[in-house]
Amino acid sequence: MPIQYYIVLALVLFCIGIIGVLIRRNAIIIFMCIELMLNAANLLLVAFSKMHNAAATATNSNVGIEGQLFVFFIMVVAAAEVSIGLAIIVMMFRNVHSIDVNFLNRLKN
Amino acid sequence: MNAIIFSALIGVVMMLGGIVIKNNASIQSLAIILLFILLGSHLAEYYNLFNIHIETHGMLAKNRFGMFFNTIIISLTLLYVLLSGDEIAKAGTYGAEYFALLFFSLCGATILSSYNNLLMLFLGVEIMTIPLFVLTASEKKNLKSNEAGLKYFLMGSFSTGILLMGIALYYGGTGLFAIEAGIGKNANEIQQTLRILLPLGLLFIFISLAFKVSAAPFHFWTPDVYDGAPSVFTSFMATIVKTAGFIAFIRLFELRSVDMSYSWKILLPLIIILTLLAGNITAVFQQSVKRMLAYSSIAHAGFMLFALYNPNDFGKQGILLYTVAYSLATIGTFAVLTKMKDYTYEGYNGLAKSKPVLAATNTIFLLSLAGIPLTAGFFAKYYMLASALKESTRNLWLVIVAVLFAAVSVYYYFRVIQAMYFKEGNAETTEIKPFFKVLLIIIAALIIVIGLMPSLLLDLFYA
């Protein structure tokens, strides 16, 4: 399959993520949209990794492997981030009994 | 390499130490001892005495600039812990954990000063910011702290998403993650049409890093987060973390700005002016000193962006000088702020009568932030503007605009000085130890010494 398809798919997913972060008001949904952005990047990395590998000469078949390694790092870091993020959201919920980000206006003077 | 390994190690030691040690004073002493060990091990590497070498396959590069920057931020952290250690330990229930998180964050900052590969950029940024989400939200019952934590977390991971997309596109365009100039080893095989992905990816990375250093128009989270976070941690965020973000920024774009040259010379001056505008003009209208300092940190980001725009000798020396000058002054003002009971300007009324030492040192810090001559802040700003003029005289208009905004900034810094010296009132503070006053005087003296002879610091860089 041509690489352009992957690029378009990843960018579409990424844009859905960005739009979701900007217009949704529920903290969990915003969070899911951020994960969607990260996964769009993952998809693109794997696709490019495959593309660089296919384009390389046969003598050097390791080309492109670092793209796939990067994806594992992203997964680990995203998991760490989720654990912190959910803890903060739970703490927020205990205090205000809501996860609507519209409640977040105490700091606007 | 020592700085990275030891800062992570002392974080773990601190964390485990928290199980055994419950007394706040001993926790503080442990943290200070560990920081001295970190500084010692880093200096040992700096002077080639002792070095733990790990083969990283070129992902981390040992360079003089980064090493010197590490020395600066480790020393600043030490100073910060000495000054506000008791406030850190008191910020919540678990004193030792806060120190551990600060050390982990410092570890991320040291990675950012020496990365040579986008994977390390990503890991460094994450290691630096994830502990800060916890620290921002550390006052569990305080709704403002909760809100700041959630906002910081959402904005932080949003910008991480953008960063990763940028890295993925960069990889597509070049076939490698290394940041050195030149297209990858399989350059010929990469289709011509895919080369366009490189500048696009760099643009994404640029936006993401602009989020991290709070450059306009991506600065909107900064005042809320800095205001809501406990004051001691705001001080750390506004100084060490922010300057490390700039070092990461400069490291990448020093090599790669040529790839987005068509927009670089238009985009960056625009961002500098917007940042100066957003920071300085909004700071004028603030009622709370803490929030004013948050906006002023945006304004200072505008000045630090000059080093990114012109990464020549002046710019690189300037960013080191700016790091020292800005961080010393900000750590000092925040240390005084944490001792105040009321964070508004009225809260400072008459401080000079009741606490003359605090008022006098705070005045020096504020003068340095405003960039008045004879303080370190003046030369920091001077080097930044000189870097722009050295690059090309066509930058003159940008320099003039920056000087005008610096003049605006004098207004809101002097409001604090005016409140301390010329207004009647009884400013209430919490208990102040003599040691705290001595440290404040040392910091103020450092600011003046660097202000008189900036070459003292810069000579160390070349020594």
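Residues numbered from 1 in each chain as written. Chains lettered and ligands numbered in written order. Predicted model: local features only at pLDDT ≥ 70, side-chain atom pairs only at ≥ 80, totals over all residues.

## Remarks on the overall build of chain B
- Along the backbone of chain B there are 18 helices and zero strands.
- For 463 residues, the compact-globule formula gives about 23 Å, and the C-alpha radius of gyration of chain B, at 21 Å, lands near that figure.
- Each principal axis of the C-alpha atoms in chain B carries an extent, and together these give about 70 × 55 × 45 Å.
- Per-residue burial over chain B gives 59% buried out of 463 residues.
- Residue pairs at least 24 apart in sequence account for 80% of intrachain contacts in chain B once pairs closer than 6 positions are excluded. (Helix = DSSP H or I, 4+ residues; strand = E, 2+ residues; numbered from the N terminus. Rg over C-alpha atoms; globule rule 2.2 N^0.38 Å. Buried ≥ 20, exposed ≤ 12 C-beta atoms within 10 Å, placed from the backbone. Contact = placed C-beta atoms within 7 Å.)

## Notes on helix 11 (residues 289-309) of chain B
- If you check helix 11 of chain B, its first and last C-alpha atoms are 30 Å apart, about what 21 residues at 1.5 Å a residue would give, namely 30 Å.
- Of all 21 residues in helix 11 of chain B, 21 are buried, a share of seventy percent or more. (Expected span 1.5 Å × (residues − 1).)

## Quick notes on helix 1 (residues 3-23) of chain A
- Look at helix 1 of chain A: 30 Å from first C-alpha to last across 21 residues, which is about the 30 Å you get at 1.5 Å a residue.
- Residues Ile-7, Ala-10, Phe-14, Gly-17 and Val-21 of chain A constitute the buried set of helix 1 of chain A. Projection of helix 1 of chain A onto a plane perpendicular to its axis shows the buried side chains occupying an angular sector of 95°, all on one side. Across helix 1 of chain A from its buried face, at more than 90 degrees, point the exposed residues Gln-4, Tyr-5, Val-8, Val-12, Ile-19 and Ile-23 of chain A.
- The secondary structure elements touched by the buried residues of helix 1 of chain A are helix 2 (27-55) of chain A together with helix 6 (143-174) of chain B. (Arc of directions from axis to C-beta.)

## Concerning the nonpolar core
- Judged by nonpolar contacts, the single largest core of 201 residues is most densely connected at Ala-41 of chain A together with Phe-99, Met-165, Ala-168, Leu-305, Phe-306 and Ala-325 of chain B.
- Take this core: its biggest share by element is 16 residues, from helix 6 of chain B.
- Those residues in contact with Ala-41 of chain A, other than ones at most four positions away along the chain, are Ile-74 of chain A together with Leu-164, Met-165 and Ala-168 of chain B. (Core = buried A, V, L, I, M, F, W, Y, C linked by C-beta atoms within 7 Å.)

## Remarks on the interface of chain B and chain A
- With 34 residues of chain B at the interface, the matching set in chain A holds 36 residues.
- At the level of elements, helix 5 (118-136), helix 6 and helix 8 (221-228) of chain B are the ones that each hand at least two residues to the side of chain B that touches chain A.
- Here the side of chain B that touches chain A gets 18 residues from one element, more than from any other, and that element is helix 6 of chain B.
- Residue classes in the side of chain B that touches chain A are distributed as 18 nonpolar, eight polar and eight charged. (Nonpolar A, V, L, I, M, F, W, Y, C, P; charged D, E, K, R; others polar.)

## So, the confidence of the model for chain B
- Predicted confidence across chain B gives a mean pLDDT of 90, with 97% of residues reaching 70 or more.
- Scoring of the predicted complex yields 0.94 for pTM and 0.95 for ipTM. (pLDDT = per-residue confidence, 0-100.)

## Here we look at the environment of Phe-99 of chain B
Residue and element names in this part refer to chain B.
- As for its placement among the helices and strands, Phe-99 is situated in helix 4 (residues 95-112).
- Overall, Phe-99 belongs to the buried group, with 27 C-beta atoms counted inside 10 Å.
- Spatially, the C-alpha atoms of Phe-99 and His-300 are 27 Å apart, while their sequence positions differ by 201 residues.
- Once residues lying within four places of it in the same chain are set aside, the contact partners of Phe-99 are Met-14, Ile-27, Ala-31 and Ile-88.

## Considering the environment of Leu-446 of chain B
Residues and elements named next belong to chain B.
- When you line up the elements, Leu-446 lands in helix 17 (residues 434-452).
- Judged by C-beta crowding, with 17 C-beta atoms within 10 Å, Leu-446 ranks as partly exposed.
- The spatial distance from the C-alpha of Leu-446 to the C-alpha of Met-128 is 27 Å, given a sequence separation of 318 residues.

## Here we look at the confidence of the model for chain A
- Across chain A, the average pLDDT comes to 89, with 93% of residues at or above 70.
- The secondary structure element of chain A with the lowest average pLDDT is helix 2 of chain A, at 92, and the one with the highest is helix 1 of chain A, at 94.

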